[in-house]
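Coordinate inspection notes
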Amino acid sequence: MSEPDRLRLTAEDIAATDGRVTAPPVLSIGLADIPDAPPPVERRHGIQITAEDVAAFEPAGEAIIGPLEQQVLALVNAARAEHLPKWLGRGPLRWHPALADVARQHSADMLQRRYVAHVSPEGINVSRRLERAGISYLACGENIGVVYGPASHGERGIIEVQSAFMNQPRRLTNHRGNILNPVWTHVGIGVAYAPEGQLIVTQNFVATLTKPA
C-alpha cells in the first residue's frame with residue numbers, strides 16, 4: 001500500500017514559520033531546467049536579473065496577465081482538491097481581490113526593479129505588505145516563482161512554476177506545503193510577464209475570519 005499523501009511537519013518547518021508567516025525561498029526556473037536549452041549563464045550571489053535574461057522589461061497588460069492569474073488559481077484549487085483529505089471538508093480557496101492586488105504589485109515591482117525576493121529593497125516583507133493594504137489575517141503565506149527564457153512564455157510559464165512547486169517534498173513550509181495548507185481560506189495571485197523572457201508568479205495565502213471587500 002502506498003504512503004498516504006500527507007504533509008510532514010518537522011522542527012525546521014516550525015522554526016521557519018516565524019509565528020504566523022510562511023514564505024519559502026524563491027523558486028527560480030532557468031535555462032538549466034529547460035530540456036535542450038543552452039548552458040545557463042553563471043550568476044553572482046542570489047537571484048539576479050540581467051540583460052541576458054530579458055531583452056526588454058516591457059510588462060504585459062491586464063488582458064494577458066488576468067487570464068494567467070486565473071489559470072494559477074485553477075491549478076492551485078485543483079491541487080488542493082486532489083491532495084487534501086476529503087474529511088477536512090475544505091472547499092476551493094476563495095479569491096481575495098485586495099490580496100491579489102498586493103501580489104500583483106509585488107510581482108510588478110520585482111520585474112520593474114530587477115530583483116526576485118520576498119523582501120523588497122526597502123525591507124518590506126509579505127506581512128507588512130498585507131498590513132499596509134489593510135488586510136486582516138490570522139496567518140499568511142507567500143510563494144514566489146520565476147521563469148526565465150523560452151519556458152516563461154504565457155501559459156507554459158504558469159504550468160512550469162506550478163509543477164515545480166508541486167514537485168517539492170511533502171513539507172508544511174515549502175511551496176507545495178503552502179499550496180496544500182488546510183488553514184488557508186483565501187488566495188490572491190499576481191503575475192508579471194515580460195514576453196521577451198521572464199514570468200514572475202506571486203501567490204499570497206491567508207487564513208481569515210473576515211470576508212474580503
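Preceding block: the structure.
The sections below set out a description of the structure shown in this document. (Residues numbered from 1 in each chain as written. Predicted model: local features only at pLDDT ≥ 70, side-chain atom pairs only at ≥ 80, totals over all residues. Heavy atoms only, no water.)

A look at unusual backbone geometry
A positive phi is found at Arg 114, a non-glycine position, where the angle reads about 60 degrees. The topology assignment puts Arg 114 in the loop between α3 (97-113) and α4 (126-132). (Helix = DSSP H or I, 4+ residues; strand = E, 2+ residues; numbered from the N terminus.)

Focus on the side chain of His 186
When you line up the elements, His 186 lands in strand β5 (residues 186-194). A polar contact is formed between the side chain of His 186 and the side chain of Thr 185, at a distance of 2.8 Å. (Polar contact = N/O pair within 3.5 Å; in protein donor to acceptor, adjacent residues only side chain to side chain.)

Notes on the nonpolar core
The biggest cluster of nonpolar side chains holds 28 residues, and the ones touching the most others in it are Val 72, Ile 158, Ile 179, Val 191, Leu 199, Val 201 and Phe 205. Those elements that provide at least two residues to this core are β2 (27-29), α2 (62-83), β4 (139-148), α5 (155-166), α6 (175-180), β5 and β6 (198-207). Of the residues forming this core, the biggest block, 6 residues, is contributed by α2. Non-local contacts of Leu 199, meaning those with residues more than four positions away in its chain, are made with Leu 68, Gly 145, Val 146, Val 147, Ser 152, Gly 154, Gly 157, Ile 158, Val 191, Ala 192 and Tyr 193. Listed in part, the 11 residues of the second largest apolar core include Val 116, Ile 144, Tyr 148 and Ile 200. (Core = buried A, V, L, I, M, F, W, Y, C linked by side-chain atoms within 4.5 Å. Buried < 20%, exposed > 50% of the residue type's maximum accessible area, 1.4 Å probe, protein only. Contact = heavy atoms within 4.5 Å.)

Describing the side chain of Asn 181
Here Asn 181 lies in the loop between α6 and β5. For Asn 181, a relative accessible area of 7% gives the class buried. At 3.0 Å, the side chain of Asn 181 and the backbone nitrogen of Val 183 are in polar contact. Those residues in contact with Asn 181 that sit more than four places away from it in its chain are Arg 80 and Leu 172.

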